[in-house]
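Coordinate analysis (summary)
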Amino acid sequence: MRYFLVLVIMFLATLSFSSCHESLEQRAAREADEFTRKNCPTPVKDDTRTDSLVFNEDSRTLVYYYTLSGKADNPAVIEANKAKLKEILRTTVANATQLRIYKEAGFSFRYVYHSAAHPDSVLLDLTFKSADL
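So, how was this worked out
Residues numbered from 1 in each chain as written. Predicted model: local features only at pLDDT ≥ 70, side-chain atom pairs only at ≥ 80, totals over all residues. Heavy atoms only, no water. Salt bridge = Lys/Arg side-chain N within 4 Å of Asp/Glu carboxyl O. Helix = DSSP H or I, 4+ residues; strand = E, 2+ residues; numbered from the N terminus. Buried < 20%, exposed > 50% of the residue type's maximum accessible area, 1.4 Å probe, protein only. Polar contact = N/O pair within 3.5 Å; in protein donor to acceptor, adjacent residues only side chain to side chain. Contact = heavy atoms within 4.5 Å.

1. Quick word on the pattern of salt bridges
Scanning the model with the defined rule gives nine salt bridges in all. Salt-bridge contacts for Glu31 lead to Arg27; the nearest nitrogen and oxygen are separated by 2.9 Å. Of this pair, Glu31 and Arg27 both sit in helix α2 (residues 24–39), separated by four residues, roughly a single helical turn. Where Glu87 meets Arg90, a salt bridge forms, and the shortest distance between an N and an O atom there is 2.9 Å.

2. A closer look at the environment of Asp46
Counting through the fold element by element, Asp46 comes out in the loop between α2 and β1 (48–56). Exposure remark for Asp46: the relative accessible area of 68% places this residue in the exposed category. Considered as a pair, Asp46 and Ser69 are 23 residues apart in the sequence and their alpha carbons are 8.8 Å apart.

3. Quick notes on the side chain of Thr67
Note that Thr67 resides in strand β2 (residues 61–68). Its relative accessible area of 9% is what places Thr67 among the buried residues. Polar side-chain contacts of Thr67 include one of 2.4 Å to the side chain of Asp51. Once you skip the residues sitting within four places of it in the chain, Thr67 turns out to touch Asp47, Thr48, Arg49, Asp51, His114, Ser115 and Ala116.

4. So, unusual backbone geometry
Cis rather than trans, the peptide bond between Cys40 and Pro41 has omega equal to -10°. If you trace the backbone, Pro41 turns up in the loop between α2 and β1. Located in the positive-phi region is Asp46, a residue other than glycine, with phi close to 55°. Of note in this structure, Asp47 is not a glycine but carries a positive phi near 65°. Among the secondary structure elements, Asp47 is positioned in the loop between α2 and β1. Take Asp47: its relative accessible area is 28%, and that puts it in the partly exposed class.

5. Considering the environment of Leu99
Within the secondary structure, Leu99 is located in the loop between α4 (82–95) and α5 (100–104). Here the alpha-carbon distance between Leu99 and Phe109, two residues 10 residues apart in the chain, equals 9.6 Å. Other than its neighbours up to four places away in sequence, Leu99 contacts Tyr64, Val93, Phe109 and Tyr111.

Here's what the structure looks like:
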């Protein structure tokens, strides 16, 4: 009987320790979902609104969805400054300390900017792989 009790305690201890740990992918998905539920859509600031954050487990990519409005909602200006915008965003991601654990694990980061005037229109879609950072 005592042996059985020890086995049950060991099983429960193992179960409790293993159930507390989540993979980095699970953590990314959970944090993305929590961020979206708590904060999105954000108020418009500097003609930009954050719509959602999603984790794509298949590609190990954190995907940020934004909407541009006002002066920023201009496809011609976006296209003319695409290289500059890409470098600014790449530098921002490279320097983001809160993303360090994901960058070190080789995750990718995708930024999709939609137009407020034409919601189906994608103004900018950039992906940064860990090698880019």
